[in-house]
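# Results of the structural survey
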2 protein chains.
Amino acid sequence: MGVYKKRTLSFANSHILEGYTVAGPKENDGRYKGFFDHALEDDMFGQKTFERAERKMFEHAIDGAIAKANLTACDIDAVIAGDLLNQIVSASFAARKQHAGFVGIYNACATFVESLIIGSCMLNNGLENVVCGAGSHFSTAERQYRYPLELGVLRSPVTQWTATGVGATVLSNRSETVVPRVTRATIGRVVDYGIMDANNMGAAMAPSACDTLVTFFKDTDSSPSDYDVIYTGDLGKLGSDILMDLTRQEGYDISAQLHDCGASLYWDEQQTYQGGSGAACSALVFNSVLLGRLRRGEYKRILLAGTGALMSPTTSFQGDSIPAITHLVEVTA
Amino acid sequence: MGVYKKRTLSFANSHILEGYTVAGPKENDGRYKGFFDHALEDDMFGQKTFERAERKMFEHAIDGAIAKANLTACDIDAVIAGDLLNQIVSASFAARKQHAGFVGIYNACATFVESLIIGSCMLNNGLENVVCGAGSHFSTAERQYRYPLELGVLRSPVTQWTATGVGATVLSNRSETVVPRVTRATIGRVVDYGIMDANNMGAAMAPSACDTLVTFFKDTDSSPSDYDVIYTGDLGKLGSDILMDLTRQEGYDISAQLHDCGASLYWDEQQTYQGGSGAACSALVFNSVLLGRLRRGEYKRILLAGTGALMSPTTSFQGDSIPAITHLVEVTA
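In short, a report on the structure. None of these values were measured; they are calculated from a predicted model. (Residues numbered from 1 in each chain as written. Chains lettered and ligands numbered in written order. Predicted model: local features only at pLDDT ≥ 70, side-chain atom pairs only at ≥ 80, totals over all residues. Heavy atoms only, no water.)

Let us now look at the overall build of chain A. Across its full length, chain A carries 10 helices and 14 strands. A compact globule built from 333 residues would reach a C-alpha radius of gyration of about 20 Å, and chain A, at 18 Å, matches this within 12%. Dimensions of chain A, computed from the C-alpha atoms along their principal axes, are close to 50 × 50 × 35 Å. Each of the 333 residues in chain A was classed as buried or not, and the buried ones make up 66%. (Helix = DSSP H or I, 4+ residues; strand = E, 2+ residues; numbered from the N terminus. Rg over C-alpha atoms; globule rule 2.2 N^0.38 Å. Buried < 20%, exposed > 50% of the residue type's maximum accessible area, 1.4 Å probe, protein only.)

Structure representation (structure tokens):
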């Protein structure tokens with residue numbers, strides 16, 4: 001796990017104007033009830049298919065973020081977004097409704113943090129306002145990645161629950177008031193420790209989260225205590241424990257700062273076992289709870305580490321292990 | 001089709017150090033025979049599955065580009081790449097072999113040009129060397145998007161043939177010698193004219209290509225005659241004719257400059273009907289023929305417009321039309 005400075009970037013002018021969240025019913029029954037801008041009563045969202053519901057969530061979140069930032073669609077230069085569906089069709093089809101350019105991305109559940117990094121880079125190249133976003137939907141992911149919903153397959157205790165929700169963030173190269181900013185980032189690399197169990201993604205992703213966090217600390221000469229909190233995306237409870245052990249072996253104790261968006265999303269009674277997973281986890285928690293605390297000054301500086309498992313059903317069928325990636329952003333109030 | 005200046009970017013320091021191509025057997029029997037760095041004799045590339053062959057093509061192209069640029073893996077800060085497989089597993093799994101960061105992207109067959117735009121932006125944010133790449137494989141795409149290969153379905157005369165190949169480009173923020181540079185770009189927006197026929201993607205993509213080209217000409221106050229050639233990605237023969245008509249209606253005659261990577265890839269006797277399609281088209285033709293002509297001074301300035309159709313089998317089953325996107329880069333010798 002060598003130091004490789006070039007993966008860590010600094011941003012002078014990546015102002016977070018606003019964040020907007022659309023959350024599913026189960027998510028709004030969880031620990032962050034009431035924190036979301038729009039909570040669905042029904043995860044069909046008035047559509048004929050789950051896939052169209054997911055698309056509508058994207059449309060709603062992008063429009064909501066733009067309006068909440070007191071901007072109009074014409075002010076937005078690019079939408080940078082992705083989701084878990086094949087060919088990222090939720091983000092792509094939602095982008096039809098925008099005047100802006102579209103930059104489609106995919107790094108599984110690390111997609112939201114990836115969007116913040118690419119968006120921040122583009123602001124430094126002359127763009128003024130961009131919308132970054134990601135999301136997922138339990139019912140579309142479950143039937144695409146695992147089993148038909150109607151089959152009622154019993155779930156293993158190491159599984160997580162794909163969160164339903166979309167989070168969108170408006171980044172701007174200027175702001176009239178002081179707002180939280182994306183100040184630094186580390187681009188993740190693909191790490192594969194040979195985990196084969198597609199139901200145990202926390203274990204597959206923890207080494208990648210360790211690699212990126214340790215790279216960031218070394219590259220920036222910082223330490224966990226420089227941060228109010230460190231949120232990972234969707235390692236789950238087991239994966240978070242593994243990450244704490246791994247970083248301790250590297251000389252960094254993150255136990256006082258570490259939280260996981262996915263693991264914190266639901267109450268135990270909601271029976272999600274290891275907690276939430278999916279691209280929605282970090283997008284939902286960042287754009288509601290974390291951004292709110294940063295804006296109110298309750299947090300001065302945080303790290304958000306989006307964790308992604310890069311397999312597909314086809315690679316699992318063909319006997320491949322699960323590569324993982326973790327992108328990280330530092331957000332300063 | 002309004003002017004929206006913010007989608008057009010300029011890059012001061014995006015030097016194209018090298019390009020490398022791995023082409024399938026049918027592609028190396030086509031019009032560009034002998035132009036590719038590595039031509040496969042067998043599209044299985046010594047692997048057990050077509051998907052693993054596609055992955056190996058990515059590994060080979062990324063390593064090949066780095067070596068050809070006289071760099072080592074440690075010199076590369078990020079790999080920015082994508083492909084047509086669900087969850088872009090070819091690019092993701094290939095990136096396991098790199099030390100660099102990985103930025104996974106997907107805009108269908110516009111992915112290669114998208115990678116050049118994101119890579120150029122990242123060079124302006126402190127990265128020194130990045131590898132941009134994209135590709136596709138006939139046999140993996142056909143069975144994922146259309147029919148099992150064994151079924152031997154008759155093809156419609158408006159269909160195209162998914163090209164087998166991967167192209168990778170090393171971009172650097174500096175160069176000791178004068179090399180071609182990515183100088184400007186226009187980020188495409190998602191355009192949907194309601195085309196429903198997934199076998200006629202040229203017609204679905206032509207309006208998007210027109211939107212991006214006209215936006216670029218207006219934003220930069222340039223005209224088609226400022227360029228030696230304008231290459232689109234994979235509109236095919238029919239789509240290219242539609243594009244010429246559409247741009248003429250907007251006051252731009254591109255008939256003297258327009259070529260299509262896909263349409264020019266094969267001989268008529270190879271029976272691909274409208275020509276090649278797939279993310280490989282622009283990646284293969286740019287990194288072999290076009291880059292060679294730029295380096296030799298035969299071209300001074302060209303436009304490469306990557307065209308992508310953003311549907312999935314699921315959206316087509318659910319009755320959706322085909323949205324399209326076109327990203328454009330200007331490359332100056």
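Following the structure, the description resumes.
Glancing now at helix H6 (residues 201–220) of chain A. Residue and element names in this part refer to chain A. Here H6 is 20 residues long and its end C-alpha atoms lie 29 Å apart, about the 28 Å a rise of 1.5 Å per residue gives. For H6, a buried count of 19 out of 20 residues is recorded, marking the element as mostly surrounded by other parts of the structure. One or two positions beyond H6, positive phi appears at Asp221, with a value near 55 degrees. (Expected span 1.5 Å × (residues − 1).)

Residue and element names in this part refer to chain A. If you check helix H2 (residues 50–68), its first and last C-alpha atoms are 26 Å apart, about what 19 residues at 1.5 Å a residue would give, namely 27 Å. When you tally the buried positions in H2, you get 14 out of 19 residues, the bulk of the element. Just beyond H2, the residue with positive phi is Asn70, at close to 60 degrees.

Taken as a whole and assessed by the stated rule, the structure comprises 12 aromatic pairs over all chains. Between Phe138(A) and Trp161(A), the ring centres sit 3.9 Å apart and the planes meet at 5 degrees, which makes this aromatic pair stacked. With Phe138(A) in helix H5 (residues 138–146) and Trp161(A) in strand S7 (residues 161–162), the pair connects residues that are 23 residues apart, well separated along the chain. For the pair shown, Phe138(A) and Trp161(A) are each scored as buried. An angle of 25 degrees between the planes, with centres 5.0 Å apart, marks the rings of Phe217(B) and Tyr252(B) as stacked. Taken as a pair, Phe217(B) in helix H6 (residues 201–220) and Tyr252(B) in the loop between helix H7 (236–249) and strand S11 (258–260) lie far apart in primary sequence, 35 residues in all. Site record: aromatic cluster; members linked through ring pairs are Phe216(A), Phe217(A), Tyr227(A) and Tyr252(A). Sitting over the face of the ring of Trp161(B), Lys26(B) holds its NZ or CZ atom 4.0 Å from the ring centroid. Directly above the aromatic system of Tyr227(B) lies the positively charged group of Arg301(B), at a separation of 5.1 Å from the ring centroid. (Phe/Tyr/Trp six-rings, centres within 6.5 Å; stacked < 30°, edge-to-face > 60°. Lys NZ or Arg CZ within 6 Å of the ring centre and 35° of its normal.)

Residues and elements named next belong to chain B. Of note, Thr332 is situated in strand S14 (residues 324–332). Classification of Thr332 by relative accessible area gives buried; the value is 15%. Between the C-alpha atoms of Thr332 and Lys237, which are 95 residues apart in sequence, the distance is 26 Å. The residues contacting Thr332, other than those within four sequence positions of it, are Val179, Pro180, Arg181, Thr183, Lys300 and Arg301. A distance of 2.8 Å separates a polar atom in the side chain of Thr332 from a polar atom in the side chain of Thr183. (Contact = heavy atoms within 4.5 Å. Polar contact = N/O pair within 3.5 Å; in protein donor to acceptor, adjacent residues only side chain to side chain.)

Tallied over the full model, the rule gives 38 salt bridges over all chains. Two residues, Arg96(A) and Asp192(B), come together in a salt bridge whose shortest N-O distance is 2.6 Å. Of the two residues, Arg96(A) is situated in the loop between helix H3 (89–95) and strand S5 (101–104) and Asp192(B) in the loop between strand S9 (181–186) and H6; the pairing between them involves two chains. For Asp192(B), a relative accessible area of 24% translates into the label partly exposed. Linking Glu298(B) and Arg296(B) is a salt bridge whose minimum nitrogen-to-oxygen distance equals 2.6 Å. (Salt bridge = Lys/Arg side-chain N within 4 Å of Asp/Glu carboxyl O.)

This part is about the nonpolar core. Met122(A), Phe286(A), Met122(B) and Phe286(B) are the most contacted members of the largest nonpolar core, which has 173 residues in total. With sequence-adjacent residues up to four places away left out, Met122(B) is seen in contact with Ile117(A), Ile118(A), Cys121(A), Ile187(A), Ile80(B), Val103(B) and Leu127(B). (Core = buried A, V, L, I, M, F, W, Y, C linked by side-chain atoms within 4.5 Å.)

For the rest of this paragraph, the subject is the interface of chain B and chain A. If you look at the interface, chain B gives 64 residues, while chain A gives 65 residues. Summing the contributions of chain B and of chain A, the shared interface buries around 4,900 Å²; its carbon and sulfur component is 53%. For the pair chain B and chain A, the number of links is eight salt bridges. Its salt-bridge partner being Asp320(A), residue Arg52(B) comes within 3.0 Å of it at the nearest N-O pair. Summed over the shared surface of chain B and chain A, the number is 34 residue pairs in polar contact (both at pLDDT 80 or more). When residues of the side of chain B that touches chain A are traced back to their parent elements, those giving at least two are helix H2 (50–68), helix H3 (89–95), strand S5 (101–104), helix H4 (111–123), helix H5 (138–146), helix H9 (313–317) and S14 of chain B. With six residues, H4(B) is the single largest residue contributor to the side of chain B that touches chain A. The class makeup of the residues in the side of chain B that touches chain A is 30 nonpolar, 20 polar and 14 charged. (Buried area = accessible area lost by both parts, 1.4 Å probe. Nonpolar A, V, L, I, M, F, W, Y, C, P; charged D, E, K, R; others polar.)

This next bit is on the environment of Cys121(A). Along the chain, Cys121(A) turns up in helix H4 (residues 111–123). Not counting residues up to four positions away in its chain, the partners in contact with Cys121(A) are Leu9(A), Phe11(A), Cys121(B), Met122(B) and Asn125(B).

A contiguous nonpolar patch, built from Tyr147(A), Leu151(A) and Val153(A) and spanning about 290 Å² of accessible area, is present on the exposed surface. By the secondary structure assignment, Leu151(A) is in the loop between H5 and S7. (Patch = residues over 30% accessible without salt bridge, like charges linked within 9 Å, V, L, I, M, F, W, Y side chains within 5 Å. Areas by Shrake-Rupley, 256 points an atom, 1.4 Å probe, with all protein chains shown as cover.)

With that out of the way, let us pick up the relation of the copies chain B and chain A. Both copies of the chain are related by one operation, a rotation about an axis with a shift along it. Screw-axis analysis of chain B against chain A gives a translation of 0.0 Å along the axis, an RMSD of 0.0 Å, and a rotation angle of 180 degrees. Such a combination of rotation and displacement between the chain copies is what one expects of a two-fold axis. If distances are taken from each C-alpha of chain B to the rotation axis, the shortest is found for Ile105(B), at 2.0 Å. (Least-squares fit on C-alpha atoms with pLDDT ≥ 70 in both.)

This next bit is on the pairing of strand S2 (residues 15–23) of chain A. Successive side chains on a regular strand alternate, one facing one side of the sheet and the next facing the other. All names here are of chain A. Of all nine residues making up S2, nine are buried, and the element is well covered by its neighbours. Bridge analysis of S2 against strand S8 (residues 165–172) gives eight bridges, and the strand direction is antiparallel. From the neighbouring strand, Val22 faces S8, where its bridge partner is Val166. In this structure, S2 lies alongside strand S3 (residues 38–39), joined through two bridges in parallel fashion. Among the inter-strand pairings, Ala23 is bridged to a residue of S3, identified as Ala39. (Pairing = 2+ DSSP bridges.)

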